[in-house]
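Next come the chains, spelled out residue by residue.
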Amino acid sequence: MNTGEMETILSSRERLDRFIEQAAVVRRAEAELLHQLAELDKEGAPVEFGYCGSAATLAQDVLRISRAEARRMAESARVLFGALGISGEPLSPDLPNTAEAYSRGEVGVEHVDRIRQFAAELPAEVLIGDAWPIAENALAQIAGEVGPRGLVRPIREIRARLDPDGQAPTDREPARPDREIWLRQRNNDWEIRGHLDYETGLKLRSVLDVLGKPRSSEANGGTPDTRTPAERDADAFAEIVQLAANPESLPENGGEPFTIMVTMTEESLREGIGTATTMDGTIIPATQLRRIACDAGIIPTILGSEGEVLDMGCRDRTASPKLRRRLIARDKGCAHPDCDKPPALTQAHHIQHHANGGLTVEDNMVLLCRHHHALIHHTEWQVRIHNGKPEFTPPEYRPAFSSTA
């Protein structure tokens, strides 16, 4: 049987398993590549072959890569697998546990870079202290279970313990220049155009860059991020809008979220299928309405089979400001293990939907960012409250990376 015939008989699950297996193979190969570079450096190969003692220069030339990539490789090789000191004495690696996890294929280059950059920001006395090996081992274990962004919160907590002084914050007075925005509805979507002053545009560009970074395959449900730059910018802008629409951002409305009036059939409301019609005539899927309802007040007009009005409901209850504060204290932002989005960029999600009898109470709600909110609604990810904390169960097809080939 040739390769083409074998490919045609793979089920989606078998192909996904192969995809995950190959990712682990690539990671192990990447770790071995860095290990070899570290060993070449220790043996003096950069001097022997005329590269003036620079492992980065050697890597740049023989691998035909950029200077920035070569420097990243050389630094990663040093902190993962050690090096030689100026006097020829061996230097222990800063990240031995991360190196082991990388060599097993359990973590990827982005995990390594985040932990490496964190270590580089710590004072030297911290890295040679007794607490660092314990902290680095904890980060290596966490990295094997979450996406790279899932390391942000643990790193922040460990930094507070290891380096409590940190850096003094800066405070700048915001400017108020002239700017214009035009927003108009076009069919079932919206068109936006306008212009911004330089400072505001620069800030917006920076925020879009942060919120619109390509997602790792782990954080994206196991698939690569295929969005175009324009699509990533639009998704990031949607998160900015969500930030402004959160209850704590609307004091003039008494902390209440925005409200939408819709018309839908009783079956659509109960089963989450079909469509709903907003006051301006826009038709939206019932599934989309369920997502919006997590953070927006919904006043449903329920129609019978003949189109008659069965009920003009009161606004569907969302998390009150007091309840949202309790959720923030518990979840500290998006509760998904792969995420580090702050509370301001989250929505309060009903675990059992309100339309299905779910109560708007702490034990039935969890904070999720827009991306992971959509994952919970549309994929096999599950969440429940266990012992007072959100507990997530990934899809069966998203196992941890295997430590064997």
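In what follows, the structure referred to is the one given above.
Residues numbered from 1 in each chain as written. Predicted model: local features only at pLDDT ≥ 70, side-chain atom pairs only at ≥ 80, totals over all residues. Heavy atoms only, no water.

S.K.: Which residues make up the overall build of the protein chain, and what values do they have?
M.R.: Along the backbone of the protein chain there are 16 helices and 13 strands. For the protein chain, the proportion of contacts with a sequence separation of at least 24, taken over those separated by at least 6, is 55%. Of the roughly 23,300 Å² of accessible surface on the protein chain, a fraction of 54% belongs to carbon and sulfur atoms. (Helix = DSSP H or I, 4+ residues; strand = E, 2+ residues; numbered from the N terminus. Contact = heavy atoms within 4.5 Å. Areas by Shrake-Rupley, 256 points an atom, 1.4 Å probe, with all protein chains shown as cover.)

S.K.: Kindly report on helix 15 (residues 321–331), identifying the contributing residues and their values.
M.R.: Every buried residue of helix 15 is listed here: L323, R324, L327, R330 and D331. Angular distribution of buried residues about the axis of helix 15 spans 120°; they occupy a single face of the element. Away from its buried face by more than 90 degrees, helix 15 exposes K322, R325 and A329. Turning to helix 15, the residues buried within the fold contact helix 10 (152–162), strand 10 (346–350), strand 11 (365–369), strand 12 (382–386) and strand 13 (389–393). (Buried < 20%, exposed > 50% of the residue type's maximum accessible area, 1.4 Å probe, protein only. Arc of directions from axis to C-beta.)

S.K.: Got a sec to walk through the nonpolar core? Specific residues and values, please.
M.R.: Residues L80 and W132 are the most contacted members of the largest nonpolar core, which totals 33 residues. Of all elements in the fold, only helix 2 (12–42), helix 4 (55–63), helix 5 (67–81), helix 6 (96–103), helix 7 (109–121), helix 9 (131–143) and helix 10 reach the threshold of two or more residues within this core. W132 has contacts with D94, L95, F118, A119, L122, V126, L127 and L162, leaving out every residue within four places of it along the chain. Residues V366, C369, L375 and W381 belong to the second largest nonpolar core, which totals eleven residues. (Core = buried A, V, L, I, M, F, W, Y, C linked by side-chain atoms within 4.5 Å.)

S.K.: I'd like a rundown of the state of the cysteines, residues and numbers included.
M.R.: Enumeration over the complete set of coordinates arrives at zero disulfides. Note on C334: no disulfide assigned, nearest cysteine sulfur contributed by C339 at a separation of 3.8 Å. Cysteine C369 remains unbridged, with the sulfur of C339 as its closest cysteine sulfur at 3.8 Å. (Disulfide = S-S within 2.5 Å.)

S.K.: A description of the packing of aromatic side chains should follow, citing residues and the corresponding values.
M.R.: Under the criterion given, the structure shown has two aromatic pairs. Between the aromatic rings of F118 and W132, the centroid separation amounts to 5.9 Å while the plane-to-plane angle is 55°, which identifies the pairing as tilted. Placement of the pair is F118 in helix 7 and W132 in helix 9, with a sequence separation of 14 residues. Note on F118: relative accessible area 2%, which makes it buried. Judged by its relative accessible area of 2%, W132 is buried. Arranged with centres 6.5 Å apart and planes meeting at 70°, the rings of W381 and F392 form a pair that is edge-to-face. Taken together, the residues span a long stretch of sequence, with W381 in the loop between helix 16 (370–378) and strand 12 and F392 in strand 13 at a distance of eleven residues. Exposure class is identical for W381 and F392. Each is buried. Its end group placed over the ring of W182, R193 keeps NZ or CZ at 5.0 Å from the ring centre. (Phe/Tyr/Trp six-rings, centres within 6.5 Å; stacked < 30°, edge-to-face > 60°. Lys NZ or Arg CZ within 6 Å of the ring centre and 35° of its normal.)

S.K.: Residue-level account of the environment of A68, with values.
M.R.: Assignment of secondary structure puts A68 in helix 5. Spatially, the C-alpha atoms of A68 and A56 are 9.0 Å apart, while their sequence positions differ by twelve residues.

S.K.: If you had to explain a nonpolar patch on the surface to someone new, which residues and values would you point to?
M.R.: A contiguous nonpolar surface patch, about 680 Å² in accessible area, is contributed by I181, L183, W190, I192, L196, F237 and V241. When contributions to the nonpolar patch are tallied by element, the ones reaching two or more residues are strand 3 (180–186), strand 4 (189–195) and helix 12 (229–245). With respect to the helices and strands, the residue L183 is situated in strand 3. Overall, L183 belongs to the exposed group, its relative accessible area being 56%. (Patch = residues over 30% accessible without salt bridge, like charges linked within 9 Å, V, L, I, M, F, W, Y side chains within 5 Å. Salt bridge = Lys/Arg side-chain N within 4 Å of Asp/Glu carboxyl O.)

S.K.: Can you break down the pairing of strand 10 residue by residue, with the values?
M.R.: When you tally the buried positions in strand 10, you get five out of five residues, the bulk of the element. Judged by which residues are buried, strand 10 turns out to be covered on both faces: T346, A348 and H350 on one side and Q347 and H349 on the other are all buried. Sheet topology note: the strand 10/strand 11 ladder contains five bridges and is antiparallel. Residue A348 lies in a different strand from strand 11, and its bridge partner there is L367. (Pairing = 2+ DSSP bridges.)

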